2 protein chains.
Amino acid sequence: MATIEDVAKLAGLSRTTVSRVINDQPYVTEEKRQRIVQAMKDLGYVPNSSARRLRSQKTETIAVLLPRITNPFFGNLIEAMEQKASEWGYQVIVCQTHHSSKKEIDYLQLLKTKQVDGVIMASLVNDWKDVEPYLESGPIVFCNEYMEDASIPMIHMDHKTAAYEAAVHLLEQGCKHIAYASGGPESHLGAMRKQGFLEALEEYGRPFLEEINIDWAIDVSDGQKVFHLIRSEFPYIDGVFTGSDEVAAGLIYEASSSDWQVPEDLAVVGFDNQMVSLLMVPSVTTIQQPVIQMADKTVEVLIQQLLHPGAIAPKRYVYPHQLLLRNSTKRREAAIQ
Amino acid sequence: MATIEDVAKLAGLSRTTVSRVINDQPYVTEEKRQRIVQAMKDLGYVPNSSARRLRSQKTETIAVLLPRITNPFFGNLIEAMEQKASEWGYQVIVCQTHHSSKKEIDYLQLLKTKQVDGVIMASLVNDWKDVEPYLESGPIVFCNEYMEDASIPMIHMDHKTAAYEAAVHLLEQGCKHIAYASGGPESHLGAMRKQGFLEALEEYGRPFLEEINIDWAIDVSDGQKVFHLIRSEFPYIDGVFTGSDEVAAGLIYEASSSDWQVPEDLAVVGFDNQMVSLLMVPSVTTIQQPVIQMADKTVEVLIQQLLHPGAIAPKRYVYPHQLLLRNSTKRREAAIQ
DNA sequence: TTGTATGCGTTATCAT
DNA sequence: ATGATAACGCATACAA
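Cut-off values and rules
- Residues numbered from 1 in each chain as written.
- Chains lettered and ligands numbered in written order.
- Predicted model: local features only at pLDDT ≥ 70, side-chain atom pairs only at ≥ 80, totals over all residues.
- Heavy atoms only, no water.
- Near = heavy atom within 4 Å.
- Polar contact = N/O pair within 3.5 Å; in protein donor to acceptor, adjacent residues only side chain to side chain.
- Helix = DSSP H or I, 4+ residues; strand = E, 2+ residues; numbered from the N terminus.
- UniProt positions renumbered as here; feature names shortened; annotations may be inferred.
- Domains from an automatic or database assignment.
- Nonpolar A, V, L, I, M, F, W, Y, C, P; charged D, E, K, R; others polar.
- Least-squares fit on C-alpha atoms with pLDDT ≥ 70 in both.
- Contact = heavy atoms within 4.5 Å.

### Notes on the protein's contact with DNA strand C
Consideration 1: Close to DNA strand C lie 27 residues; T16, T29 and K32 of chain A together with I4 and R55 of chain B are nearest.
Consideration 2: Restricting attention to atoms of DNA strand C within 4 Å of the protein, one finds that 59% of them are sugar or phosphate atoms.
Consideration 3: A distance of 3.1 Å separates a phosphate oxygen of DNA strand C from a polar atom in the side chain of S14 of chain A.
Consideration 4: Here a phosphate oxygen of DNA strand C and a side-chain polar atom of T17 of chain A are 2.6 Å apart.
Consideration 5: Looking at the surface near DNA strand C, the elements that each hand over two or more residues are α2 (15–22) and α4 (49–56) of chain A together with α2 (15–22) and α4 (49–56) of chain B.

Following this line, the structure appears as structure tokens:
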């Protein structure tokens, strides 16, 4: 592999001059610039990334921590982030934590080992005290996830209010016994949602169903399990709040395969407004998140921190959500959409 | 940030000895080893990745090129690959090409700049002659995509036969006018599938419908567009071969929203056996790929090339597919599943 | 405008 | 068993 030295020799100039050409710096005669460009072409020269990183102490790379990429929400998030980052000349490393606090910490190590310049955490299962120490190795920004006590930029929705509204909607539709079926027991987000859910119940004077407090529902098959649990153990349940459209879809699918009618026997709300929520029959009432906007802002905030270290103050960016009313909860009004 | 030098000083030893401890090499007294370990802990020392890479000429990182991560097939693929790679201590960089030949080449540059040790191409829109030159910078392996003329390991299914079988199935179900609606016009895979599709038509003496030769159908909304195109322009069509379950889902959704019955008026086959193909009503006949197995094998083959350069010969690993018969094509027999 | 010399943090070679 | 030194490829301060 050709090095900068080889190029310099072939062009009959010094490494420094070659370096100037590579980095588009001034003070190089057009004639010599041409000679160097030609030499680089002839040798098929490409700057060695590791050497550059070592010298410049920069990687132009950011890590994005998220639970699993097969979750469409995170798939969309990472796609948007990658796009935005590349506009700034940054690469993105995808880090799947699978809700493991150990993996989360392992990936934060990328910051210490200087493999990345900054980290976006869209997965958060550790306590702030365990994350904070890594701040000294580079900036960290939260996206989607958030925590009151952290002193870093956070880009997210108000999940508590969103869950509250979803629960109120179920109650307004006449649901009397609403089950809570969410996932990621460790997630701080889950805690926020549950708070909102509980507040709605309290406001309407309905008790929380302790007997079916599900914290392991993440995907379609979990949704199916939840339905069977409801049918066999708690058939009086007439409404379910789920943490994702996938869980909702699994639930509805199984309900339809049995003798249950959705929403008449069981109303279901999802979360995220994924494609599947629209494709299901009935379509799924869900909460839409402004994924692209959050992704863009997150990348922008992080890169600004990298470009101007210590410049801007930690700030929260709260994005609006929207409860999309569809047929899986339509127990009272006329058909929606 | 602490360096190996700092650790050496604190422990009162040389960098060399510290390095030995870091890399678990012999010839270090247990006592000194302890001293060094303690010093590392005290300083919060972590080896600098860039320096290591520069020195060792290895990154322990591989790049995976794929069209888009939001396509569930690739989401599953990358998830499995990442898992397998991490077992070998390798990191994975996700590179979305979005079917752009320029991006594909840009990402191959990662090999030349030594940002990665090897590349897995699950996206392939360039000709082999444009890819081959990068081989001298490191090993490349194809996954899912394949090309007859390439002399590198390829892990894939027989897409031609799979498409053939799907088309035959439609024909056997009595479809007389079958549309072809696939995506990625540049993909070599697409060409293979089309071949199989055409062979089936010919075998059954049916003409190819030149008038509706769709090569832009990739996601759900494309599927919806395809249906509207069929209804308004080619209502005589009674069967569709799609390149993905998402397209099939969009098609079926729109058909159901109109007055068309699936499969009576229009039979539809998908591809990939994604979750959505099972959730749709009717469920979607589709082709299952052994994603995990292919992902695992691909990573294994690539890493073997890295560990034993030039050792094993290029080889093809062809995995079996399976046509899953479901309700979206059930025009003749009793209900399936 | 161009070149020389130094160092980024590691690891490998060769002494001791 | 331990240490001094060079080298990986590049970019920069400084000199010319």
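### Brief notes about the UniProt feature "domain: HTH lacI-type" (unreviewed entry) in chain A
Consideration 1: Following the UniProt record, one finds the feature "domain: HTH lacI-type" (unreviewed entry) at residues 2–56 of chain A.
Consideration 2: Secondary structure content for residues 2–56 of chain A is 69% helix and 0% strand, while the C-alpha to C-alpha distance between its ends is 20 Å.

### Here we look at the domain arrangement of chain A
Where the parts come together, the accessible area they lose is often given as the size of the interface.
Consideration 1: When the domains of chain A are assigned, the result is domain 1 (1–37), domain 2 (59–157 + 292–319) and domain 3 (159–289).
Consideration 2: Placing a centre on the C-alpha atoms of domain 1 of chain A and another on those of domain 3 of chain A gives a separation of 64 Å.

### Details of the protein's contact with DNA strand D
Consideration 1: The environment of DNA strand D is formed by 26 residues, the closest being I4, Y45 and R55 of chain A together with Y27 and K32 of chain B.
Consideration 2: Counting only atoms of DNA strand D within 4 Å of the protein, the sugar-phosphate share comes to 56%.
Consideration 3: With respect to DNA strand D, the side chain of R52 of chain A contributes an N or O atom lying 2.8 Å from a phosphate oxygen.
Consideration 4: Separating a phosphate oxygen of DNA strand D from a side-chain N or O atom of T29 of chain B is a distance of 2.6 Å.
Consideration 5: If you list the elements that add at least two residues to the surface near DNA strand D, you get α2 and α4 of chain A together with α2 and α4 of chain B.
Consideration 6: Ranked by the residues each element gives to the surface near DNA strand D, the list is headed by α2 of chain B, at four residues.
Consideration 7: For the surface near DNA strand D, the class distribution of residues is eight nonpolar, eleven polar and seven charged.

### Overview of the relation of the copies chain A and chain B
Consideration 1: Of the transformation placing chain A onto chain B, the axial shift is 0.0 Å and the rotation is 180°, giving an RMSD of 0.1 Å. On this basis, the relationship between the two copies can be described by a two-fold rotation axis.
Consideration 2: Of the residues that chain A buries at the interface, 100% are likewise interface residues in chain B, meaning the two copies contact each other through the same surface.

### Overview of the side chain of R68 of chain A
Consideration 1: Tracing the chain through its elements places R68 of chain A in the loop between β1 (61–66) and α5 (72–87).
Consideration 2: In this structure R68 of chain A touches F74, Q96, H98, I218 and D219 of chain A together with E79 of chain B, once residues within four positions along its chain are discounted.

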